[in-house]
Amino acid sequence: MRYNALKNSELQISEIAFGCMSMDLSRNDNEQLIHAAIGGGINYFDTADLYDQGKNEEVLGRALKGKRSEVIIATKVGNQLRPDGSGWDWNPSKDYILKAVDQSLKRLQTDYIDIYQLHGGTMEDPINEVIEAFEQLKAAGKIRNYGISSIRPNVIREYVDSSNIANVMMQYSLLDRRPEEQMLDLLESNSVGLMARGGLAKGLLAGKISTTYLNYKAQEIGLLLSEMKKFTDDNTKLSHVALQWILSHTAVTSAVVGIRTKEQLNEVLAYAKSTPIESTALNNLGNVLPPVRYEAHR
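Note that this is a predicted model, so its numbers are computed, not measured.

## Section: the pairing of strand β9 (residues 143-149)
Across the seven residues of β9, six count as buried, placing the element largely inside the fold. As defined by bridge partners, strand β8 (residues 113-118) adjoins β9 across five bridges and the pair is classed as parallel. Looking across to β9, one finds that Y116 is bridged to Y146. As for the winding sense of the linkage, the β-α-β connection from β8 through helix α4 (residues 127-140) to β9 is right-handed. In this sheet, strand β10 (residues 167-171) lies alongside β9 in parallel orientation, the contact comprising three bridges. In the sheet register, S149 faces β10, and the bridge partner there is M169. Taking the sense of rotation as the criterion, the β-α-β connection linking β9, helix α5 (residues 153-162) and β10 turns out right-handed.

## Looking at the side chain of T236
Position of T236 relative to the elements: it lies in the loop between α7 (218-228) and α8 (238-247). What makes T236 buried here is its relative accessible area of 1%. Among the polar contacts listed, one links the side chain of T236 to the backbone nitrogen of T275, at a separation of 2.8 Å. In contact with T236, other than residues within four places in its own chain, are F231, V241, S274 and T275.

## Some words on the packing of helix α1 (residues 30-39) against helix α9 (residues 262-269)
One way to put it is that α1 packs onto α9 with a least axis distance of 10 Å and a crossing angle of 10 degrees. Judged by the inter-axis angle, α1 sits roughly parallel to α9. Of α9, the residues touching α1 (which contributes L33, A36 and A37) are K262, L265 and L269. Taken together, the residues that form the contact of α1 with α9 break down as five nonpolar, no polar and one charged.

## Examining the packing of helix α2 (residues 55-63) against helix α3 (residues 94-108)
Contact geometry of α2 with α3 gives a least axis separation of 7 Å together with a crossing angle of 45 degrees. Taken as axis vectors, α2 and α3 run oblique relative to one another. Residue-level inspection shows E57, E58, L60 and G61 of α2 in contact with α3, the latter providing S104, R107 and L108. Among the residues forming the contact of α2 with α3, the class breakdown is two nonpolar, two polar and three charged.

## Things to note about the pattern of salt bridges
Within the structure shown, the criterion is met by 16 salt bridges. Put simply, R260 and D24 hold a salt bridge, and the shortest N to O gap is 3.9 Å. A residue pair is termed long-range when its members are at least 10 positions apart, and R260 in the loop between β12 (252-258) and α9 and D24 in the loop between β3 (16-19) and α1 qualify at 236 residues. Among the residues examined, R260 registers a relative accessible area of 38% and is labelled partly exposed. Judged by its relative accessible area of 22%, D24 falls in the partly exposed class. Residue K99 pairs with D95 through a salt bridge whose shortest N-O separation is 3.2 Å.

## Regarding unusual backbone geometry
Positioned with a positive phi, D52 is a non-glycine residue whose angle comes to about 55 degrees. For D52, the location among the structural elements is in the loop between β4 (44-46) and α2. Notably, L214 is not glycine yet its phi reads approximately 50 degrees, a positive angle. Take L214: it is sitting in the loop between β11 (193-197) and α7.

## Observations concerning the environment of L60
Among the structural elements, L60 can be located in helix α2. Taking the C-alpha atoms as reference points, L60 and N30, 30 residues apart in sequence, are found 8.4 Å from one another. The contact partners of L60, leaving out residues within four places of it in the chain, are C20, I34, F45, T47, I73 and L108.

## So, the side chain of H119
Mapped onto the elements of the fold, H119 is located in the loop between β8 and α4. In this structure the side chain of H119 is engaged in a polar contact, spanning 3.3 Å, whose partner is the side chain of N79.

## Observations regarding α7
Within the span of α7, buried status applies to I221, L224, L225 and M228. For α7, the buried positions fall inside an angular range of 100 degrees around the axis, keeping them on one side. Where α7 is buried, its residues meet α8 and α10 (279-285).

## Re the sheet that holds strand β5 (residues 72-77)
Remark on secondary structure: sheet strands pair via backbone hydrogen bonds, oriented parallel or antiparallel. Taken together, eight strands build a closed barrel; the order of strands is β3-β4-β5-β8-β9-β10-β11-β12 and the barrel is parallel. Within the sheet, the average angular offset between the axes of one strand and its neighbour, ignoring direction, is 30 degrees. Pairing between β11 and β12: four bridges, direction parallel. For M195, the partnering residue across the bridge sits in β12 and is S254. Against the sheet, α5 makes contact with β8, β9 and β10, and its axis sits at roughly 150 degrees relative to β9, the strand it touches most.

Cut-offs used in this document
Residues numbered from 1 in each chain as written. Predicted model: local features only at pLDDT ≥ 70, side-chain atom pairs only at ≥ 80, totals over all residues. Heavy atoms only, no water. Buried < 20%, exposed > 50% of the residue type's maximum accessible area, 1.4 Å probe, protein only. Helix = DSSP H or I, 4+ residues; strand = E, 2+ residues; numbered from the N terminus. Pairing = 2+ DSSP bridges. Right-handed = clockwise from strand over helix to strand, strands pointing away. Polar contact = N/O pair within 3.5 Å; in protein donor to acceptor, adjacent residues only side chain to side chain. Contact = heavy atoms within 4.5 Å. Axes fitted to C-alpha atoms, helices over the stretch in contact; angles between N-to-C directions. Parallel < 35°, antiparallel > 145°, perpendicular 65-115°, else oblique. Nonpolar A, V, L, I, M, F, W, Y, C, P; charged D, E, K, R; others polar. Salt bridge = Lys/Arg side-chain N within 4 Å of Asp/Glu carboxyl O. Arc of directions from axis to C-beta.

Structure representation (C-alpha cells):
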C-alpha cells in the first residue's frame with residue numbers, strides 16, 4: 001500500500017481508504033473486516049454521525065480498540081437526527097457542531113478525531129461560524145484537522161478561501177469528471193487534499209451491469225467499460241483500472257472505496273499488485289466520454 005501526505009496536516013494517508021458507509025451492520029464480521037483492512041495497509045477510515053444513526057461510528061470505534069494509533073479516523077457533522085427518528089435536519093450551527101463532536105468521540109471511543117468534516121454545506125450557512133467551531137475544536141485537541149464533504153464548487157471555493165481546511169471529500173470517477181473543470185486545480189494549488197468518493201460509480205466501473213449514471217446512457221457506459229477491459233489481466237481488475245485513473249491525478253490524496261464484504265476488501269487490497277497503466281493510456285480513458293459539467297452551485 002502506498003501512502004500520500006495530506007499537505008495541510010501531518011498525516012500520511014493510504015491511497016485506498018475504507019468507506020464505512022457501505023458496511024452492513026446486520027453482519028457480524030465488520031470488526032474482522034476492519035482488522036483485515038488494517039492488516040492490508042489501509043489506515044484511513046471514513047464514517048459519519050449520520051450513518052446508521054450513529055451505529056456506524058460505534059462499530060468502527062469497537063473495531064479500533066487497541067488499534068487507535070495505527071489509523072486515521074474521519075467523520076462528519078451537520079445532519080442532526082430528529083428525536084422521533086423520522087429523519088434529520090441540516091444544522092451547521094457552531095453550537096450544534098461543538099455538541100455533536102462529543103457524541104462522535106464517545107461512539108468512536110477515542111479522545112480525538114483526525115479529520116472532522118462538514119457533511120455538506122450551502123452558501124446560506126453561517127460559514128464563519130462553522131470555521132470558528134472547527135478552529136475551536138482543533139485548539140482544544142478534540143480534532144486534529146477539519147474539512148468538508150461537498151460537491152458544490154461555490155461552497156468548496158468559500159472554504160478554501162476562508163479557512164484552513166485540510167481536505168475536501170467529493171465524488172470523482174471516470175463517470176463523474178465534474179471536479180476537473182475547476183476544483184482539482186483549486187485544491188491542488190492550495191495544498192488541500194482530495195478524498196475521492198464514488199470512484200467505482202456504484203459498482204458500474206467494477207463490472208456491475210450497465211445502467212444510466214448521471215447523463216450517461218447504458219450504451220455509453222458500455223463503451224467505456226470495453227476500453228477499460230483492454231487493461232485488465234490476471235492481476236488487474238476493472239476496479240483497479242478505475243482506481244488507477246483516479247489516483248493518477250496529483251490532486252487526489254486517497255480514493256475512498258465502500259467496502260461491505262471480505263471479497264470486496266480482497267479485490268481492493270489487490271490493487272497494490274495491479275499492472276501499472278501508462279499515463280497516456282489513462283488520459284485516453286478519460287477522453288472516451290465527454291465530461292459532465294456542474295449545472296448548479298457554480
